[in-house]
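One letter stands for each residue in the lines below.
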Amino acid sequence: AGAGCEVPSSAMFAWVLAKEADGQILKVMDTQVSFPSPGLASVTTSSFDGSSLSSSTHYVYALLRAENTETLAAGSSAETLGAAAALGVSVSRSLPFLVDAAPSPGRVQILPLQGEALKTSFPFGTNGWSDEDNTSLHFSFFVFPLGD
């Protein structure tokens, strides 16, 4: 690490989920912190629960950092990321992400409907599907062996 980049071992951290538009803190996630070497912090969470998310809404993950437990607790309990920052908590936001709704129903067509295995080509086609971002729609078709 360069000069001035070291993380003090007294630093306290918490991951939170917030709405991008207003910074409203929706959830404080379980956060694990370790200091694998002097000046280096590893801050992780495995509690990415989607139950707090609504489709078609933009969110950010934010890492809160404070110098003591009381300040971190106050910042984690704040209504918004801005309010946490006003309490002296350092706030680092992720890039915003959109929670995608399920695509609207469409159709999958297979023609011909009958043929001979390994001899007949069965092309698949799709139509009628739509999404907030149609460029993000991807389709996969799989063949699963049937039991005897």
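Quick caveat: nothing in here was measured; it's all calculated off a predicted structure.

I tried to follow the nonpolar core on my own but got confused; where do I start?
Nonpolar side chains tend toward joint burial in soluble globular proteins. Counting 13 residues, the largest nonpolar core has V16, L64, L72, L81 and V89 as its most contacted members. If you list the elements that add at least two residues to this core, you get β1 (12-19), β5 (58-66) and α2 (81-86). The element contributing the most residues to this core is β5, with four residues. Beyond its immediate sequence surroundings of up to four residues, L81 is in contact with V16, A18, G23, I25, V60, A62, L64, V91 and R93.

What am I meant to see in the environment of L98 here?
Mapping L98 onto the fold places it in strand β7 (residues 97-98). Distance in space between the C-alpha atoms of L98 and S54 is 9.4 Å, their sequence separation being 44 residues.

Help me out: how do you make sense of the pairing of strand β2 (residues 25-29) in this one?
In the case of a regular strand, side chains alternate between the two sheet surfaces. Pairing of β1 with β2 involves four bridges; the strand directions are antiparallel. Bridge pairing in β2 links A18 to I25. Connecting β1 to the next strand, β2, in antiparallel fashion are five residues, including G23 with a positive phi near 75°.

Conventions used here
Residues numbered from 1 in each chain as written. Predicted model: local features only at pLDDT ≥ 70, side-chain atom pairs only at ≥ 80, totals over all residues. Heavy atoms only, no water. Core = buried A, V, L, I, M, F, W, Y, C linked by side-chain atoms within 4.5 Å. Buried < 20%, exposed > 50% of the residue type's maximum accessible area, 1.4 Å probe, protein only. Helix = DSSP H or I, 4+ residues; strand = E, 2+ residues; numbered from the N terminus. Contact = heavy atoms within 4.5 Å. Pairing = 2+ DSSP bridges.

Geometry only, nothing functional implied.
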